[in-house]
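A structural walkthrough
As a plain string of letters, each chain reads:
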Amino acid sequence: MKLHRLTDHALAAFADYLNTLSKLPSAAVPGGLLTAPQNAEVVAPGLEIESEVFSSRMEAASYLDSILSQVSGTDIQRDVKLWSWLTVFYFDQVCPARQDGDRIVGAQRAKWIPEVEESRRFYRHAILGPYLAYRAHRDAPTRASVLLSDPMHITTSEAFRLFIETTFINMKGPVELATEFYFNPSTRKLRRGAGTKGAGGLRRYIGVLQQLDVTFDLHRVGVVQLKKLLPSEFDKWATSAPGR
Amino acid sequence: MSIRRINSTGRRRILRDDAQILLRTQSDGHLSFDASLDLTDYELPSDASVYIEAYRQTTFMRFDYGTVALPHPPAGNDRRLTEFASKDGLLFRIKVTSVGERPGLLLAEGDGIPSREEQDEPDKRLPLLPPAPADLGQEIWKIDFAANGPLLLVNKQLDWKSVASTPMFRSLVFPSAIRQVLTQILLIDKESDFEDLQNWRARWLAFAVALGAGEPPGTASEEDEDEALEWIDGAAERFCATHSWLTHYIGELDRGGHGA
């Protein structure tokens, strides 16, 4: 299928559908939103997108990056209608129906229609958010495994939120070390205890990074140096990280 | 989470006069930039590394600019801002970092540096509340707290630049915006430092101090909260008095202006 963006009319119809889902969770996605001429316009002639099933947000972001990097002359990351079309296109993955047929959309519309101007909400979009995190680490995506290993419909990862709400999302050393400390590559999940609020946990890791960021240019601080700068409460991760 | 920026390592603040960023639009439509840096008065080690970062929200590019003694800007095409399709909201950061015993130690930094295009006049003021267009539905304006300070979002369905500059709009919006921003700083972020002007919160508090509001209260206790609310009110009132907003508003009404 050709990559499209929604029209104004279709964007409004999609927003209405989300409101309907809040009251009637079994409501079907309106037909024709993806391709009907009044609902969608082609982004770039000849640019096709497949309806693939992704195992993780990382895989989805990687695939979309390969598609969207072929688009020029438009500010992709701020194209609300494009991201909304992608939401509809992958709706069964980002908002899957339960066994009883109901879909749970929740109260946050920014998850489905991105609020690109809102610095506290733009990254909450179920597809744009992972795409932005992936773009920051596209040179070595596994570095960001701790951020993007959830399935498409899980949008509540604390690791993702903590990083993307700060400038650390773009920093190789801090992200790589977080993956080394807190991510279990065997289970593709956070390691036990990573999410604790106390000493050595992810939240504390971000807090310490914020303190170090005042003194150091953390873009230049690699994993080895960063480990030395961290207080001893993180030693347990350094010595017990999987694969060592 | 707000972090107080204690300058225990003698980090220097690079002034905007010493870091000018000029944007160009290339023939292929890409933005690129030229930087003019003057670091001579900062007493920095000659071998310290210089970096320029361009950023907007999570989008980020970083450029190696050589050293303090031997600036070495990337070649023309390598200064293309390929990650940014427009200059909206684009800001720059200059970092000078140590290469000695503590590599990566931040020796000097200038943040929130705006760019200008060749035809623009240099703007040496640091806007406390820059306006920006936004899709706000039926809402006219709102404050957005970005990492580098608040933005005044104005509905992009309006001629937002013109609207935001009218006395009618300013007289109605600015006092409320000031209350909102100062409330965020004192009561939510619990920040009362007004000296580290690198920090947007300190710049806002310093602005209120300059209006004659007095030093901001502490942020620790419930009593402080009451005092903070009074201080915020006082700052907003002084702002209105300084700019005679009621007079401007009446003048607009007399001229039949409706603010658009």
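Starting from 1, residues in each chain are numbered consecutively following that chain's sequence as written. Ligands are numbered from 1 and chains lettered from A, in the order in which they are written. Side-chain atom pairs in this predicted model are given and counted only at pLDDT of 80 or more, local residue features only at pLDDT of at least 70, and totals for whole chains, interfaces and linings cover all residues.

It is worth spelling out the sheet that holds strand S5 (residues 59-67) of chain B at this point. A sheet is described by the order of its strands in space; here five strands give the open sequence S1-S7-S6-S4-S5 (chain B), paired in mixed fashion. Where the open sheet ends on each side, the last strands, each with one partner, are strand S1 (12-13) and S5 of chain B. The criterion for strand pairing is that DSSP finds at least two bridges linking the strands in question. Under the scheme used here, helices are H or I runs from DSSP no shorter than 4 residues and strands are E runs no shorter than 2 residues, and both carry numbers assigned from the N terminus.

The next point concerns the domain arrangement of chain B. Residue and element names in this part refer to chain B. The assigned domain composition of chain B is domain 1 (12-117) and domain 2 (131-254). Delimitation of the domains relies on an automatic or database domain assignment. Distance between the C-alpha centres of domain 1 and domain 2: 30 Å. Placing a C-beta atom from the backbone of each residue, one calls two residues in contact when those atoms lie within 7 Å. The interface of domain 1 with domain 2 comprises five residues on the first partner and four residues on the second.

A word on unusual backbone geometry. All names here are of chain B. You will see that Lys-190, though not glycine, has its phi angle at about 55°, which is positive. Looking at where Lys-190 falls in the secondary structure, it is placed in the loop between helix H2 (167-188) and helix H3 (200-213). With C-beta atoms placed from the backbone, the exposure class of a residue follows from how many other C-beta atoms lie within 10 Å of its own: 20 or more, buried; 12 or fewer, exposed; in between, partly exposed. Looking at Lys-190, the number of C-beta atoms within 10 Å reads 16, which means it is partly exposed.

Core analysis: the largest hydrophobic core is formed by 88 residues, its most contacted members being Ile-127, Ala-133, Ala-159, Phe-163 and Tyr-182 of chain A. Leaving out residues up to four positions away in the same chain, Ala-159 of chain A has contacts with Val-146, Leu-147, Ala-178, Tyr-182, Leu-190 and Leu-202 of chain A. In this structure, Leu-151, Phe-169, Phe-194 and Leu-205 of chain B belong to the second largest nonpolar core, which totals 30 residues. The term nonpolar core means buried Ala, Val, Leu, Ile, Met, Phe, Trp, Tyr and Cys residues held together as one set by C-beta atoms within 7 Å.

Mapped onto the elements, Glu-117 of chain A comes out in the loop between helix H4 (91-94) and helix H5 (128-136). In this structure Glu-117 of chain A comes out as buried when scored by C-beta crowding, with 23 C-beta atoms within 10 Å. Those residues in contact with Glu-117 of chain A, other than ones at most four positions away along the chain, are Ala-134, Asp-135, Asp-144 and Leu-153 of chain B.

Residues and elements named next belong to chain B. A sheet is described by the order of its strands in space; here three strands give the open sequence S9-S11-S10, paired in mixed fashion. Edge positions in the sheet fall to strand S9 (131-134) and strand S10 (141-146), since each of these pairs with one other strand and no more. Taking each pair of neighbouring strands and ignoring which way they run, the sheet shows an average axis angle of 40°. Direction of pairing for S10 relative to strand S11 (residues 149-155): antiparallel, over a ladder of six bridges. Looking at the pairing, Lys-142 lines up with Leu-153 of S11. Sitting on the sheet, H2 touches S10 and S11, and the angle it makes with S10 is about 30°. Each axis is a line fitted through C-alpha atoms, and for a helix only the stretch in contact is used; angles between axes span 0 to 180 degrees, taken between their N-to-C directions.

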